[in-house]
There are 2 protein chains.
Amino acid sequence: MTIEQRIEVALSEAVARTSCPGAPPTLSRAISYAVFPGGARIRPRLCLAVAEACGGTSRKVSVGAGAAIELMHCASLVHDDLPCFDDAAMRRGKPSVHRAFGEPIAVLAGDAMIVLAFETLCEAVADTPRVAPALMRILSDSVSAARGIIGGQAWESEPVVDVAAYQRAKTGSLFVAAVRAGAVAADNDPTAWRALGEKLGEAYQVADDLHDAFSKPEDVGKPVGQDGLHGRPNVIAEHGVTGGVGYLKQLIRAAVDSVPHCAGQADLRTMIEAETRRFIPRQLAARAA
Amino acid sequence: MTIEQRIEVALSEAVARTSCPGAPPTLSRAISYAVFPGGARIRPRLCLAVAEACGGTSRKVSVGAGAAIELMHCASLVHDDLPCFDDAAMRRGKPSVHRAFGEPIAVLAGDAMIVLAFETLCEAVADTPRVAPALMRILSDSVSAARGIIGGQAWESEPVVDVAAYQRAKTGSLFVAAVRAGAVAADNDPTAWRALGEKLGEAYQVADDLHDAFSKPEDVGKPVGQDGLHGRPNVIAEHGVTGGVGYLKQLIRAAVDSVPHCAGQADLRTMIEAETRRFIPRQLAARAA
């Protein structure tokens, strides 16, 4: 099985837990709709790649941790699309969950996916309890009210925004979780890995801002032009287009350079270079050359 | 410290985790508003009472598990009150979270409290990892899409409702979690305790239906007459008023009788009798005599 297939299988197994006899069927269908087909699955792939680079031998933990992080990501998309936030009609090229299933089911699907993420991680660490506390903490930190994606989204309701804290929390925290979880899954100290997660998270956010301004909805599977519409801080407002592209290239370079010393350092750098190449919108590729 | 004080301290410590430097301040205030002042805190008190009855010696685990269950309960109230569900203006005698802080913060507060519940439990079991997997599973089962409170709420979106599954999931599951967690916290097998949780959950639901029909908003701190308004299945529609009160008394008896053999069986029965006496609305006390 390829790494991609392993991740899809883990996500399928997690989602299947929501549809046992006696469970309300629509909620389970909505969760499945929110998880499949996925986007690039970059967070779980990163988690696995770091675990391999650290010499991890069993994939059960890293796949489970990666799937848990991906479920948190999917949950955040469902809730961020709600009418009281972005009121997005489309996501991943199809109607958003609340458009397809109604708002009550969309709220509950997001809630249930947060729970499912914790369940999935617990299941993955059942045979290796020594890594359980650290991984549980990584997962909960990454979504927490204080510094995780939930806190990041909440910054949008503040009259005065701490932009650095906002972006670090909203986009960076799941990337940080992915690389740290990969290290812990391979019995490594995750401390040295944080910088890679932060750089990748920041690069991804800048790329997302550029796509929001320059891509077509059909290319990204969701509405564009949202940053301007909602008055959100974004890289183009701050640095202009050319400056934004240059900044993205710098961040990608910094991410590649920040891969800590480990057995699979060279392979991991190659993987990150290939992944981040896709970050730059096609329309801007010439400027980035 | 009394048991009640220990629970409030544990909840305060949990909520404090959401307000560290760099965290968005409004979200943290909303979470605190949703948790304090509380209702009867019946679920955590039950969890502690079962742990004591089973001869549990350390209270760290039972208090933490009880606080985690209470946080899940508070999260469910915040989300159930949202405009797309009950659109409730009042809760515990003050404006509901979305009325006080706006809908975005209410959605995020509920999300964050689910995460906080898992964090709180992880913290509580840090020194006793042998009970961690069972308690994590009890907590996640109690709120899951399949048979927990999230699934229970989702039944309200189904065209055809499995009423037994709906009520068991929506109200019963946190009571079942409270008694099972109490047993596990005291290193006991939780199997024999499920029946007590189920009976208490059912009794609480019947009591809630009676309050919805007969209490005044100022007595219960939230709107009444909601079951009829939302066409929800309820005990009065099913059994009439006198029948409903009789059924509640039966359930309370069954709950008391279902306390398994344990060192503190007599004390626990006395506690449950005292607690459940409050279930019956004052207006109906004469019929219940």
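A brief look at the structure comes next.

Reading the values: rules and limits
- Residues numbered from 1 in each chain as written.
- Chains lettered and ligands numbered in written order.
- Predicted model: local features only at pLDDT ≥ 70, side-chain atom pairs only at ≥ 80, totals over all residues.
- Heavy atoms only, no water.
- Least-squares fit on C-alpha atoms with pLDDT ≥ 70 in both.
- Contact = heavy atoms within 4.5 Å.
- Buried area = accessible area lost by both parts, 1.4 Å probe.
- Salt bridge = Lys/Arg side-chain N within 4 Å of Asp/Glu carboxyl O.
- Helix = DSSP H or I, 4+ residues; strand = E, 2+ residues; numbered from the N terminus.
- Buried < 20%, exposed > 50% of the residue type's maximum accessible area, 1.4 Å probe, protein only.
- Core = buried A, V, L, I, M, F, W, Y, C linked by side-chain atoms within 4.5 Å.
- Axes fitted to C-alpha atoms, helices over the stretch in contact; angles between N-to-C directions.
- Parallel < 35°, antiparallel > 145°, perpendicular 65-115°, else oblique.
- Left-handed = near helix turned anticlockwise from the far one by under 90°.
- Nonpolar A, V, L, I, M, F, W, Y, C, P; charged D, E, K, R; others polar.
- Expected span 1.5 Å × (residues − 1).

1. Quick word on the relation of the copies chain A and chain B
Superposing chain A onto chain B takes a rotation of 180 degrees combined with a translation of 0.0 Å along the rotation axis, leaving an RMSD of 0.0 Å. Both copies of the chain, as the preceding transformation shows, are related through a two-fold rotation axis. Ranked by how close their C-alpha atoms come to the rotation axis, the residues of chain A are headed by D111 of chain A, at 3.2 Å. Taken together, the interface assignments show that 100% of the residues at the interface of chain A recur at the interface of chain B, consistent with an identical surface on both copies.

2. Quick word on the interface of chain A and chain B
In this complex, chain A contributes 45 residues to the contact, which on the side of chain B involves 45 residues. The contact between chain A and chain B buries some 3,700 Å² in all, and 72% of this surface belongs to carbon and sulfur atoms. Inspection of the region where chain A meets chain B yields 2 salt bridges. Between R137 of chain B and E123 of chain A there is a salt bridge, with the nearest N and O atoms lying 3.0 Å from each other.

3. Section: the pattern of salt bridges
Residue and element names in this part refer to chain A. Going through the model one piece at a time under the given rule, you end up with 38 salt bridges over all chains. Across the pair D219 and R282 runs a salt bridge whose closest N-O atoms are separated by 3.1 Å. Here the residue D219 occupies a position in helix α11 (residues 217-220), and R282 occupies one in the loop between α14 (265-277) and α15 (285-288), the gap between them amounting to 63 residues. Since its relative accessible area comes to 40%, D219 is described here as partly exposed.

4. Comments concerning the nonpolar core
Counting residues in hydrophobic clusters, the biggest one holds 183 residues, and the most contacted among them are I31 and W193 of chain A together with I31 and W193 of chain B. In contact with I31 of chain B, other than residues within four places in its own chain, are A145 of chain A together with V15, T18, A109, A112, M113 and L116 of chain B.

5. Concerning the packing of helix α6 (residues 103-124) of chain A against helix α7 (residues 132-143) of chain B
Close contact between α6 of chain A and α7 of chain B brings their axes to 10 Å; oriented N to C, the two are set at 150 degrees. Classed by the angle they form, the pair α6 of chain A and α7 of chain B counts as roughly antiparallel. As for how α6 of chain A packs across α7 of chain B, the hand of that crossing is left-handed. Listed contacts from α7 of chain B to V115, E119, C122 and E123 of chain A of α6 of chain A are M136, R137, S140, D141 and V143 of chain B. Broken down by class, the residue content of the contact of α6 of chain A with α7 of chain B amounts to 4 nonpolar, 1 polar and 4 charged.

6. Considerations on helix α1 (residues 3-16) of chain A
Over its 14 residues, α1 of chain A extends 20 Å from the first C-alpha to the last, a length consistent with the 20 Å expected when each residue adds 1.5 Å. Buried residues belonging to α1 of chain A abut α2 (25-35), α3 (42-53), α4 (59-80) and α6 of chain A.

7. So, the environment of K216 of chain A
All names here are of chain A. Along the chain, K216 turns up in the loop between α10 (194-214) and α11. Exposure remark for K216: the relative accessible area of 47% places this residue in the partly exposed category. Each C-alpha atom of the pair K216 and P281 lies 10.0 Å from the other, and the pair is 65 residues apart in sequence. Setting aside residues no more than four positions away along its own chain, K216 makes contact with V224 and Q283.

8. So, the packing of helix α1 (residues 3-16) of chain B against helix α4 (residues 59-80) of chain B
Residue and element names in this part refer to chain B. Orientation of α1 relative to α4, taken along the N-to-C sense of each, is 65 degrees, at an axis distance of 9 Å. Overall, the two elements α1 and α4 adopt an arrangement that is roughly perpendicular. For the element pair α1 and α4, the recorded crossing hand is right-handed. Listed contacts from α4 to I3, R6, A10, L11 and A14 of α1 are R59, V63, A67, E70 and L71. Of the residues contributing to the contact of α1 with α4, the split by class is 7 nonpolar, no polar and 3 charged.

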